[in-house]
Amino acid sequence: MSEQRTTAAGGMETSYGFRNVGESEKQGLVNEVFHKVANRYDVMNDLMSAGMHRVWKDGMVAWLNPPRRAGWKVLDVAGGTGDIAFRIVEASHDNAHATVLDINGSMLAVGRERAEKRGLAQKTDFVEANAEELPFADETFDAYTVAFGIRNVPRIDVALSEAYRVLKPGGRIMVLEFSEVDMPLLDKVYEAWSFNAIPRIGQAVTGDGEPYAYLVESIRKFPNQQNFAAMMTNAGFDRVTFRNYSGGIAALHSGWKL
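Residues numbered from 1 in each chain as written. Predicted model: local features only at pLDDT ≥ 70, side-chain atom pairs only at ≥ 80, totals over all residues. Heavy atoms only, no water.

Attention now moves to the pattern of salt bridges. By the definition in use, this model includes 14 salt bridges. Here Arg5 makes a salt bridge to Glu180, at a shortest N to O gap of 3.5 Å. In this pair, Arg5 is assigned in the segment before strand 1 (15-16) and Glu180 in the loop between strand 7 (167-178) and helix 7 (184-206), connecting sequence segments 175 residues apart. Residue class for Arg5 comes out buried when judged on its relative accessible area of 18%. (Salt bridge = Lys/Arg side-chain N within 4 Å of Asp/Glu carboxyl O. Helix = DSSP H or I, 4+ residues; strand = E, 2+ residues; numbered from the N terminus. Buried < 20%, exposed > 50% of the residue type's maximum accessible area, 1.4 Å probe, protein only.)

Written out as structure tokens, the structure reads:
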């Protein structure tokens, strides 16, 4: 068991929170977490971000700035409930088409239902598949997005390589993820809140605190901003940069396939 962050060299593939597991075990364990929390996914993100995930997601889409022209296509990975995809389509004035990919069928079921209610079913597709093995041809998408999902992918380097493959030349990747707090006082407060309060609140709200304990630990294990930027560069992306949100509680990374 280790609480140290992984680096650009890897390590998340055998990390289930602070537990070390076999590489073949991790995906199944993570899948079970999201089957449990699918119907309370917004509650989960509200707990872990004090509601700020909504502001950060709006910032992500604003920086992406999807064009208001037909034919522009985005792949939103690990976005089963549609949070990012819906924002992108609406920001494009319903011109963009979003494909939502998630390995978890429970999350996708929530997203499909939400798409119908919002009148966006014709502008969104939902695909159950693995981020490490995308079922799309090379150079299919104009943009690739993932929000609070990349840390749950066992082989992040493979997922980033797949992102590069399916993007068109000139395409953009944007990754929003919880990261390393860079403010001395805030980091102590946030860590105390995360490890002490979130699992207890999760237990009270959903009746099961274990998924929340894993999610908090996975945040602590994820590579920091500089190391994740290095992973994106290693996958072939250019002009890689990032913006910190709320003192580094979350970071938004951007890169281009040039």
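With that settled, consider the pairing of strand 5 (residues 124-128). It is a general feature of regular strands that their side chains alternate between the two faces of the sheet. The pairing of strand 4 (residues 97-102) with strand 5 spans five bridges and is parallel. The residue bridging Ala98 from the neighbouring strand is Thr124, located in strand 5. Viewed along the sheet, the connection from strand 4 through helix 5 (residues 105-118) into strand 5 turns out right-handed. (Pairing = 2+ DSSP bridges. Right-handed = clockwise from strand over helix to strand, strands pointing away.)

This part covers the sheet that holds strand 5. Strands pair in a sheet through their backbones, by hydrogen bonds, and they do so in one of two ways: parallel or antiparallel. Read across the sheet, seven strands follow the order 5-4-3-6-7-9-8 without closing on themselves; strand pairing throughout is mixed. The open sheet has two edge strands with one neighbour each: strand 5 and strand 8 (238-245). Across this sheet, the average inter-strand angle for adjacent strands is 15°, counted without regard to direction. As defined by bridge partners, strand 6 (residues 141-147) adjoins strand 7 across six bridges and the pair is classed as parallel. Residue pairing across strands places Phe141 opposite Leu167, the latter belonging to strand 7. Sitting on the sheet, helix 6 (residues 156-166) touches strand 3 (73-77), strand 6 and strand 7, and the angle it makes with strand 7 is about 145°. (Axes fitted to C-alpha atoms, helices over the stretch in contact; angles between N-to-C directions. Contact = heavy atoms within 4.5 Å.)

This part is about the packing of helix 4 (residues 83-91) against helix 5. Two numbers describe how helix 4 lies on helix 5: the axes approach to 10 Å, and their chain directions differ by 30°. Taken together, helix 4 and helix 5 sit at an angle that is classed as roughly parallel. Crossing handedness for the pair helix 4 and helix 5: right-handed. Along the contact surface, helix 4 presents Asp83, Phe86 and Glu90, while helix 5 presents Gly111, Arg114, Ala115 and Arg118. Partitioned by chemical class, the residues of the contact of helix 4 with helix 5 number two nonpolar, one polar and four charged. (Parallel < 35°, antiparallel > 145°, perpendicular 65-115°, else oblique. Left-handed = near helix turned anticlockwise from the far one by under 90°. Nonpolar A, V, L, I, M, F, W, Y, C, P; charged D, E, K, R; others polar.)

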